[in-house]
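# Observations on the model geometry
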Amino acid sequence: GAGVSQSPSNKVTEKGKDVELRCDPISGHTALYWYRQSLGQGLEFLIYFQGNSAPDKSGLPSDRFSAERTGGSVSTLTIQRTQQEDSAVYLCASTPGRQVNTEAFFGQGTRLTVV
Amino acid sequence: AQSVTQLDSQVPVFEEAPVELRCNYSSSVSVYLFWYVQYPNQGLQLLLKYLSGSTLVKGINGFEAEFNKSQTSFHLRKPSVHISDTAEYFCAVSLTGGGNKLTFGTGTQLKVEL
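Cut-offs used in this document
- Residues numbered from 1 in each chain as written.
- Chains lettered and ligands numbered in written order.
- Predicted model: local features only at pLDDT ≥ 70, side-chain atom pairs only at ≥ 80, totals over all residues.
- Heavy atoms only, no water.
- Buried < 20%, exposed > 50% of the residue type's maximum accessible area, 1.4 Å probe, protein only.
- Helix = DSSP H or I, 4+ residues; strand = E, 2+ residues; numbered from the N terminus.
- Pairing = 2+ DSSP bridges.
- 1 Å grid on protein atoms, 1.4 Å probe; cavity = no way out; pocket = protein on both sides within 12 Å on 5 of 7 lines; lining within 4 Å.
- Points joined across faces, edges and corners; volume = space filled by probe spheres on them.
- Nonpolar A, V, L, I, M, F, W, Y, C, P; charged D, E, K, R; others polar.
- Axes fitted to C-alpha atoms, helices over the stretch in contact; angles between N-to-C directions.
- Salt bridge = Lys/Arg side-chain N within 4 Å of Asp/Glu carboxyl O.
- Contact = heavy atoms within 4.5 Å.
- Buried area = accessible area lost by both parts, 1.4 Å probe.
- Polar contact = N/O pair within 3.5 Å; in protein donor to acceptor, adjacent residues only side chain to side chain.

Along any regular strand, the residues point their side chains to alternate faces of the sheet. Residue and element names in this part refer to chain B. The two faces of strand S8 (residues 64–68) differ: Ala65 and Phe67 on one face are buried, but Glu64, Glu66 and Asn68 on the other face are not. Counting the residues that bridge the hairpin from strand S7 (residues 56–58) to S8 gives 5 residues, and of these Asn61 lies at a positive phi of roughly 60 degrees. Examined bridge by bridge, S8 and strand S9 (residues 73–78) share 5 bridges and lie antiparallel to one another. Of the residues in S9, the one forming a bridge with Ala65 is Leu76. As consecutive antiparallel partners, S8 and S9 are separated by 4 residues, and within that stretch Thr72 has a phi angle of approximately 45 degrees, a positive value.

What follows deals with the layout of surface pockets. A volume near 740 Å³ is recorded for the largest pocket. Together, 28 residues line the largest pocket, and A:Gln37, A:Val89, A:Arg111, B:Gln38 and B:Glu88 are the ones closest to its centre. Those elements giving two or more residues to the lining of the largest pocket turn out to be strand S8 (88–95) and strand S10 (110–114) of chain A together with strand S10 (87–95) of chain B. Taken together, the residues of the lining of the largest pocket break down into 8 nonpolar, 18 polar and 2 charged. By volume, the second largest pocket amounts to about 210 Å³. If you trace the second largest pocket, you find 13 residues lining it, with B:Tyr25, B:Ser30, B:Val31, B:Phe67 and B:Lys69 closest to the centre. Here the lining of the second largest pocket is built from residues that sort into 6 nonpolar, 6 polar and 1 charged.

A separate point is the sheet that holds strand S3 (residues 19–24) of chain A. Residue and element names in this part refer to chain A. Here 4 strands make up an open sheet; going across it, the order is S1-S3-S7-S6 and the pairing antiparallel. The open sheet has two free edges, formed respectively by strand S1 (5–7) and strand S6 (65–69), since each of these has just one partner strand. Mean inter-strand twist for the sheet, computed between neighbouring axes without regard to direction, equals 15 degrees. Bridge count between S3 and strand S7 (residues 75–79): 5 bridges; the pairing is antiparallel. Paired with Leu21 across the two strands is Leu77, which belongs to S7.

For the coordinates displayed, the defined rule picks out 9 salt bridges over all chains. For the salt bridge of A:Asp86 with A:Arg64, the shortest nitrogen-to-oxygen distance reads 2.8 Å. With A:Asp86 in the loop between S7 and S8 and A:Arg64 in the loop between strand S5 (43–50) and S6, this pair connects stretches of sequence that are 22 residues apart. By relative accessible area, A:Asp86 is classed as buried at 2%. Measuring nitrogen to oxygen at the nearest pair gives 2.8 Å for the salt bridge that ties B:Glu64 to B:Lys58. Taking relative accessible area as the criterion, B:Glu64 reaches 23% and is therefore assigned partly exposed. Among the ionic contacts, a cluster of salt bridges with common partners joins B:Glu20, B:Glu66 and B:Arg77.

All names here are of chain B. Mapped onto the elements of the fold, Gln42 is located in the loop between strand S5 (31–38) and strand S6 (44–50). With relative accessibility at 40%, the residue Gln42 sits in the partly exposed group. Sequence separation of Gln42 and Ala87 is 45 residues, and the distance between their C-alpha atoms is 9.9 Å.

Contacts between the two partners involve 21 residues from chain B, matched on the other side by 22 residues from chain A. Between chain B and chain A, a total of about 1,700 Å² is buried, with carbon and sulfur atoms accounting for 55% of that surface. For the pair chain B and chain A, the interface holds 1 salt bridge. A:Asp56 serves as the salt-bridge partner of B:Lys101, at 3.1 Å between the closest nitrogen and oxygen. Residue assignment for the side of chain B that touches chain A shows that the elements contributing at least two residues are S5, S6 and S10 of chain B. With 4 residues, S5(B) is the largest single contributor of residues to the side of chain B that touches chain A.

This part is about the side chain of B:Gln2. Residue and element names in this part refer to chain B. Among the structural elements, Gln2 can be located in the segment before strand S1 (3–5). Taking the relative accessible area as the measure of exposure, Gln2 reaches 18% and is therefore buried. Looking at Gln2, its side chain comes within polar contact range of the side chain of Thr103, at 3.3 Å.

That's the geometry; what it means functionally is another story.
Okay, here's the thing in structure tokens:
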């Protein structure tokens, strides 16, 4: 596609429910990143996929968070048993290759509200 | 580990006035430096980046930034702002040694007023 696409754009869920957030990167981009943007806290790295390599999960805040990337393209971020502190904007980005010194292209994000 | 500090959470400025958004970083190894902009209801967009070479980097929309290694700073400047520059600005670093993720500052909200 023309850019990084994320869905849904907004999600309201009840505490304790599971949610799935989707990211469709730019076609041909081998690297995909998930970040979380919380109010007043900037962007926090969550997870990174590069081609067929094992993902870098070092930023995931707890074992309730997981992500997968099917066929080297679309990625899904899953949050199980959501908590109110999970409320944030979840951003996905993709780059053509391994290095981050190239431009990262960001989607518009999914705004998650846990009530 | 590396970190990025943006001391100013909000910067109000009148249209056509100059502006400087401050960014300082901390890292034990060499880093690449970036400024991203987030317009209302949009995704982040790269403004400019410093990888190596000249310490003065020019970006889109008339913005520029200067890398100062001794002060570990990468301040963003524009000589004359426009209403359309109202947005949130994020400074970020990544490691030069094959690092694969950006570390962001907390952002600076630039509000341009008439």
